[in-house]
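Chain by chain, the residues:
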Amino acid sequence: MPELPEVETERRRLAAAIAGKRIAAARVDDARLTRPEDPQIVAGMLTGDRVVAVDRRGKYIVVRLESGHALLVHLRMTGGFRYAPATHERAVLELDDGSRVAYRDTRRFGTWLLTEEDDARHLLSVKNGPEPLGRAFTTDFLAGRLAGRKAPLKAAVLDQRTVAGLGNIYADEALWHARLNPLRPAGDLTRDEIAALRDGIRKALKLGISRQGADLGDGAYAGGRMQDEFRAYGRDGEPCHRCGTPILKTRAGGRGTWYCPTCQAASSRPSRSRRQSST
Ligand SMILES: [Zn+2]
(Lines give C-alpha, C1' and ligand atoms only; values in the text may rest on other atoms or scores of the structure.)
Protein backbone atom coordinates (compact mmCIF):
# COMPACT_ATOMS: atom_id res chain seq x y z
CA MET A 1 0.00 0.00 0.00
CA PRO A 2 1.60 3.28 -1.08
CA GLU A 3 2.60 5.56 1.79
CA LEU A 4 4.00 9.09 1.74
CA PRO A 5 7.31 8.24 -0.03
CA GLU A 6 5.59 6.16 -2.72
CA VAL A 7 2.83 8.75 -3.22
CA GLU A 8 5.42 11.54 -3.37
CA THR A 9 7.37 9.59 -5.99
CA GLU A 10 4.17 9.09 -8.01
CA ARG A 11 3.39 12.79 -7.63
CA ARG A 12 6.78 13.85 -8.97
CA ARG A 13 6.46 11.59 -12.00
CA LEU A 14 2.90 12.72 -12.66
CA ALA A 15 3.84 16.38 -12.32
CA ALA A 16 6.64 15.94 -14.85
CA ALA A 17 4.17 14.30 -17.25
CA ILE A 18 1.12 16.57 -17.02
CA ALA A 19 1.81 19.89 -15.25
CA GLY A 20 1.14 22.83 -17.55
CA LYS A 21 -0.59 20.66 -20.17
CA ARG A 22 -4.20 20.67 -21.28
CA ILE A 23 -6.25 17.48 -21.05
CA ALA A 24 -7.31 16.83 -24.65
CA ALA A 25 -9.41 13.82 -23.68
CA ALA A 26 -10.19 11.99 -20.47
CA ARG A 27 -11.68 8.54 -20.14
CA VAL A 28 -12.82 6.82 -16.93
CA ASP A 29 -13.74 3.18 -17.43
CA ASP A 30 -14.42 2.18 -13.83
CA ALA A 31 -17.46 3.52 -11.98
CA ARG A 32 -15.89 2.50 -8.66
CA LEU A 33 -13.09 5.01 -9.20
CA THR A 34 -15.33 8.08 -9.11
CA ARG A 35 -18.42 6.90 -7.21
CA PRO A 36 -20.82 8.26 -6.26
CA GLU A 37 -20.10 10.57 -9.22
CA ASP A 38 -20.81 9.28 -12.71
CA PRO A 39 -17.46 8.47 -14.39
CA GLN A 40 -18.66 9.97 -17.69
CA ILE A 41 -19.42 13.27 -15.99
CA VAL A 42 -16.02 13.36 -14.29
CA ALA A 43 -14.27 12.54 -17.57
CA GLY A 44 -16.29 15.24 -19.31
CA MET A 45 -15.34 17.84 -16.70
CA LEU A 46 -11.64 16.96 -16.93
CA THR A 47 -11.62 17.17 -20.72
CA GLY A 48 -10.42 20.58 -21.89
CA ASP A 49 -9.13 21.66 -18.49
CA ARG A 50 -5.47 22.53 -17.97
CA VAL A 51 -3.27 21.12 -15.20
CA VAL A 52 -1.83 23.97 -13.15
CA ALA A 53 0.12 21.85 -10.65
CA VAL A 54 0.33 18.41 -9.10
CA ASP A 55 0.68 18.53 -5.31
CA ARG A 56 0.49 16.01 -2.49
CA ARG A 57 -1.20 16.09 0.92
CA GLY A 58 -0.69 13.01 3.11
CA LYS A 59 -1.41 10.05 0.84
CA TYR A 60 -3.49 12.15 -1.60
CA ILE A 61 -2.22 13.36 -4.97
CA VAL A 62 -3.85 16.73 -5.70
CA VAL A 63 -4.14 17.67 -9.39
CA ARG A 64 -4.93 21.40 -9.49
CA LEU A 65 -6.79 22.56 -12.57
CA GLU A 66 -7.17 25.92 -14.29
CA SER A 67 -10.97 25.80 -13.82
CA GLY A 68 -10.58 25.97 -10.03
CA HIS A 69 -11.30 22.28 -9.67
CA ALA A 70 -8.98 19.83 -7.95
CA LEU A 71 -8.76 16.11 -8.64
CA LEU A 72 -7.95 14.23 -5.43
CA VAL A 73 -6.41 10.85 -6.21
CA HIS A 74 -5.98 8.26 -3.46
CA LEU A 75 -4.05 5.20 -4.62
CA ARG A 76 -5.21 2.98 -1.71
CA MET A 77 -3.81 -0.55 -2.20
CA THR A 78 -2.64 -0.88 -5.79
CA GLY A 79 -3.35 2.36 -7.64
CA GLY A 80 -0.67 4.09 -9.71
CA PHE A 81 0.02 6.06 -12.89
CA ARG A 82 1.63 4.48 -15.95
CA TYR A 83 3.22 6.22 -18.90
CA ALA A 84 3.13 3.25 -21.27
CA PRO A 85 0.09 1.08 -22.04
CA ALA A 86 -0.61 -1.19 -19.04
CA THR A 87 -3.04 -3.86 -17.92
CA HIS A 88 -5.84 -2.99 -15.49
CA GLU A 89 -6.15 0.58 -16.80
CA ARG A 90 -9.09 2.29 -15.09
CA ALA A 91 -8.74 5.76 -16.58
CA VAL A 92 -6.69 7.53 -19.25
CA LEU A 93 -5.71 11.16 -19.72
CA GLU A 94 -4.62 12.23 -23.20
CA LEU A 95 -2.66 15.48 -23.11
CA ASP A 96 -2.57 18.24 -25.73
CA ASP A 97 1.03 17.37 -26.68
CA GLY A 98 -0.03 13.87 -27.74
CA SER A 99 1.25 12.13 -24.60
CA ARG A 100 -0.88 9.75 -22.56
CA VAL A 101 -1.09 8.86 -18.87
CA ALA A 102 -3.05 5.87 -17.58
CA TYR A 103 -4.31 5.20 -14.08
CA ARG A 104 -3.85 1.54 -13.24
CA ASP A 105 -5.35 -0.30 -10.26
CA THR A 106 -5.59 -4.08 -10.01
CA ARG A 107 -7.61 -4.23 -6.79
CA ARG A 108 -9.73 -1.15 -7.57
CA PHE A 109 -9.77 0.46 -4.14
CA GLY A 110 -8.30 3.74 -5.43
CA THR A 111 -10.48 6.84 -5.72
CA TRP A 112 -10.71 9.94 -7.91
CA LEU A 113 -12.67 12.83 -6.42
CA LEU A 114 -13.14 15.90 -8.62
CA THR A 115 -14.19 18.88 -6.55
CA GLU A 116 -13.90 22.63 -6.09
CA GLU A 117 -10.48 23.64 -4.80
CA ASP A 118 -11.92 25.13 -1.57
CA ASP A 119 -13.79 21.90 -0.83
CA ALA A 120 -10.64 19.92 -1.56
CA ARG A 121 -8.62 22.04 0.86
CA HIS A 122 -11.24 21.56 3.58
CA LEU A 123 -11.48 17.80 3.06
CA LEU A 124 -7.71 17.38 3.09
CA SER A 125 -7.32 19.43 6.27
CA VAL A 126 -10.00 17.39 8.05
CA LYS A 127 -8.44 14.08 7.09
CA ASN A 128 -4.77 14.96 7.54
CA GLY A 129 -2.60 16.36 10.29
CA PRO A 130 0.37 18.51 9.32
CA GLU A 131 2.82 17.22 6.75
CA PRO A 132 5.47 15.32 8.71
CA LEU A 133 8.27 16.87 6.64
CA GLY A 134 6.88 20.38 7.08
CA ARG A 135 7.51 22.94 9.81
CA ALA A 136 4.13 22.46 11.55
CA PHE A 137 5.03 18.90 12.52
CA THR A 138 6.60 19.76 15.85
CA THR A 139 7.26 17.83 19.05
CA ASP A 140 4.57 20.01 20.68
CA PHE A 141 2.03 18.99 18.06
CA LEU A 142 2.88 15.34 18.44
CA ALA A 143 2.80 15.57 22.25
CA GLY A 144 -0.70 17.04 22.05
CA ARG A 145 -1.90 14.26 19.77
CA LEU A 146 -0.48 11.46 21.93
CA ALA A 147 -1.38 12.86 25.37
CA GLY A 148 -3.69 10.61 27.36
CA ARG A 149 -3.95 7.98 24.66
CA LYS A 150 -3.91 4.35 25.78
CA ALA A 151 -3.78 2.93 22.25
CA PRO A 152 -0.51 1.26 21.25
CA LEU A 153 2.00 3.74 19.85
CA LYS A 154 1.94 1.94 16.49
CA ALA A 155 -1.82 2.48 16.17
CA ALA A 156 -1.53 6.11 17.23
CA VAL A 157 1.04 7.01 14.57
CA LEU A 158 -1.02 5.31 11.85
CA ASP A 159 -3.80 7.88 12.46
CA GLN A 160 -3.51 10.26 9.48
CA ARG A 161 -4.54 13.20 11.68
CA THR A 162 -1.43 12.55 13.77
CA VAL A 163 1.05 11.80 10.98
CA ALA A 164 -0.24 12.44 7.45
CA GLY A 165 1.04 9.85 5.00
CA LEU A 166 2.43 7.30 7.44
CA GLY A 167 1.40 3.67 6.90
CA ASN A 168 2.46 0.25 8.16
CA ILE A 169 5.93 0.15 6.62
CA TYR A 170 7.19 3.59 7.57
CA ALA A 171 5.55 3.41 11.01
CA ASP A 172 7.69 0.36 11.83
CA GLU A 173 10.78 1.98 10.35
CA ALA A 174 10.16 5.23 12.25
CA LEU A 175 9.72 3.42 15.57
CA TRP A 176 12.94 1.46 14.97
CA HIS A 177 14.86 4.68 14.29
CA ALA A 178 13.30 6.23 17.41
CA ARG A 179 14.02 3.09 19.52
CA LEU A 180 10.41 2.98 20.69
CA ASN A 181 8.31 -0.12 21.35
CA PRO A 182 5.24 -0.25 19.09
CA LEU A 183 3.04 -1.74 21.85
CA ARG A 184 3.63 0.95 24.46
CA PRO A 185 0.61 3.10 25.34
CA ALA A 186 0.97 6.21 23.18
CA GLY A 187 0.30 8.56 26.11
CA ASP A 188 3.20 7.17 28.18
CA LEU A 189 6.04 8.67 26.15
CA THR A 190 8.43 11.16 27.76
CA ARG A 191 9.15 14.48 26.08
CA ASP A 192 12.54 13.17 24.89
CA GLU A 193 10.89 10.09 23.43
CA ILE A 194 8.31 12.19 21.56
CA ALA A 195 11.15 14.27 20.11
CA ALA A 196 12.88 11.01 19.07
CA LEU A 197 9.63 9.80 17.52
CA ARG A 198 9.30 12.98 15.46
CA ASP A 199 12.89 12.63 14.26
CA GLY A 200 12.42 8.92 13.52
CA ILE A 201 9.31 9.58 11.44
CA ARG A 202 11.08 12.25 9.41
CA LYS A 203 14.18 10.12 8.96
CA ALA A 204 12.21 7.09 7.72
CA LEU A 205 10.12 9.18 5.30
CA LYS A 206 13.09 11.14 3.92
CA LEU A 207 14.99 7.92 3.33
CA GLY A 208 11.93 6.46 1.61
CA ILE A 209 11.62 9.46 -0.72
CA SER A 210 15.34 9.40 -1.51
CA ARG A 211 14.99 5.71 -2.52
CA GLN A 212 11.81 6.48 -4.53
CA GLY A 213 9.67 4.34 -2.23
CA ALA A 214 9.59 0.61 -1.60
CA ASP A 215 8.94 -2.03 -4.25
CA LEU A 216 7.59 -5.09 -2.46
CA GLY A 217 7.62 -7.17 -5.62
CA ASP A 218 3.82 -7.47 -5.69
CA GLY A 219 3.46 -5.31 -8.80
CA ALA A 220 1.53 -2.66 -6.90
CA TYR A 221 4.37 -0.17 -6.87
CA ALA A 222 7.44 -0.52 -9.04
CA GLY A 223 10.91 0.86 -9.19
CA GLY A 224 11.76 1.96 -5.64
CA ARG A 225 14.79 0.77 -3.63
CA MET A 226 13.61 1.48 -0.06
CA GLN A 227 13.06 -2.24 0.57
CA ASP A 228 16.88 -2.57 0.70
CA GLU A 229 16.95 -0.07 3.59
CA PHE A 230 14.34 -1.69 5.84
CA ARG A 231 15.53 -1.99 9.43
CA ALA A 232 12.37 -3.50 10.93
CA TYR A 233 9.51 -4.01 8.43
CA GLY A 234 9.22 -7.60 7.21
CA ARG A 235 12.54 -8.67 8.80
CA ASP A 236 11.34 -11.21 11.42
CA GLY A 237 14.26 -13.37 12.56
CA GLU A 238 16.88 -11.24 10.81
CA PRO A 239 19.48 -9.45 12.97
CA CYS A 240 18.88 -5.88 14.09
CA HIS A 241 21.31 -3.53 12.30
CA ARG A 242 22.13 -1.85 15.63
CA CYS A 243 22.47 -4.70 18.12
CA GLY A 244 22.19 -8.02 16.28
CA THR A 245 19.09 -9.21 18.17
CA PRO A 246 16.66 -11.02 15.85
CA ILE A 247 13.77 -8.76 14.81
CA LEU A 248 10.41 -9.93 16.19
CA LYS A 249 7.00 -9.84 14.57
CA THR A 250 3.91 -8.99 16.59
CA ARG A 251 0.55 -7.35 16.00
CA ALA A 252 -0.28 -3.79 17.03
CA GLY A 253 -3.37 -1.86 16.10
CA GLY A 254 -4.47 -4.86 14.04
CA ARG A 255 -1.40 -4.68 11.80
CA GLY A 256 1.65 -6.91 11.40
CA THR A 257 4.42 -5.09 13.25
CA TRP A 258 8.18 -5.68 13.35
CA TYR A 259 10.58 -4.36 16.00
CA CYS A 260 13.82 -5.08 17.84
CA PRO A 261 13.04 -6.37 21.36
CA THR A 262 16.40 -5.03 22.64
CA CYS A 263 16.63 -1.55 21.07
CA GLN A 264 12.87 -1.08 21.33
CA ALA A 265 12.34 -2.56 24.80
CA ALA A 266 8.83 -2.42 26.21
CA SER A 267 9.67 -0.36 29.29
CA SER A 268 10.39 3.34 29.11
CA ARG A 269 14.07 4.15 28.70
CA PRO A 270 15.37 6.40 31.46
CA SER A 271 15.83 9.75 29.80
CA ARG A 272 19.06 11.67 30.14
CA SER A 273 17.39 14.46 32.10
CA ARG A 274 15.87 12.02 34.58
CA ARG A 275 19.21 10.29 35.13
CA GLN A 276 20.82 13.67 35.77
CA SER A 277 18.14 14.76 38.22
CA SER A 278 18.51 11.55 40.25
CA THR A 279 22.26 11.96 40.77
ZN1 LIG B 1 18.36 -3.80 18.11
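Details of the structure are given in the entry above.
Residues numbered from 1 in each chain as written. Predicted model: local features only at pLDDT ≥ 70, side-chain atom pairs only at ≥ 80, totals over all residues. Heavy atoms only, no water.

A. Just the environment of Arg211, in detail. Its place among the elements puts Arg211 in the loop between α8 (191–210) and β9 (248–252). Separated by 129 residues in sequence, Arg211 and Arg82 have C-alpha atoms that sit 19 Å apart. Excluding residues that lie within four positions of it along the chain, Arg211 makes contacts with Gly224, Arg225, Met226 and Glu229. (Helix = DSSP H or I, 4+ residues; strand = E, 2+ residues; numbered from the N terminus. Contact = heavy atoms within 4.5 Å.)

B. Representation of the coordination of the zinc ion within the structure. Those donors, Cys240 (SG), Cys243 (SG), Cys260 (SG) and Cys263 (SG), are the protein atoms that reach the zinc ion, and they lie 2.2 to 2.4 Å from it. Given four donor atoms and angles of 99 to 114 degrees at the metal, the environment of the zinc ion is assigned as tetrahedral. Mapping the donors of the zinc ion onto the primary sequence gives the spacing C-x2-C-x16-C-x2-C. One end of the pair, Cys243, is in the loop between α8 and β9; the other, Cys260, is in the loop between β10 (255–259) and α9 (272–278), with 17 residues separating them in the sequence. A relative accessible area of 36% places Cys243 in the partly exposed class. Cys260 sits in the buried class, given a relative accessible area of 0%. (Donors = N, O, S within 2.8 Å, 3.2 Å for Na, K, Ca; no water. Tetrahedral: all angles 85-135°; square planar, octahedral: opposite > 155°, others 65-115°. Buried < 20%, exposed > 50% of the residue type's maximum accessible area, 1.4 Å probe, protein only.)

C. Focus on unusual backbone geometry. In this structure, the amide linkage connecting Arg35 to the following residue, Pro36, adopts the cis form with an omega of 10 degrees. Locating Pro36 in the fold gives a position in the loop between α2 (31–34) and α3 (39–46). Phi is positive for Arg108, which is not a glycine, with a value near 65 degrees. Looking at the element boundaries, Arg108 is found in the loop between β7 (100–105) and β8 (111–116). By relative accessible area, Arg108 is classed as partly exposed at 29%. Positive phi, close to 60 degrees, is recorded for Gln212, a residue that is not glycine.

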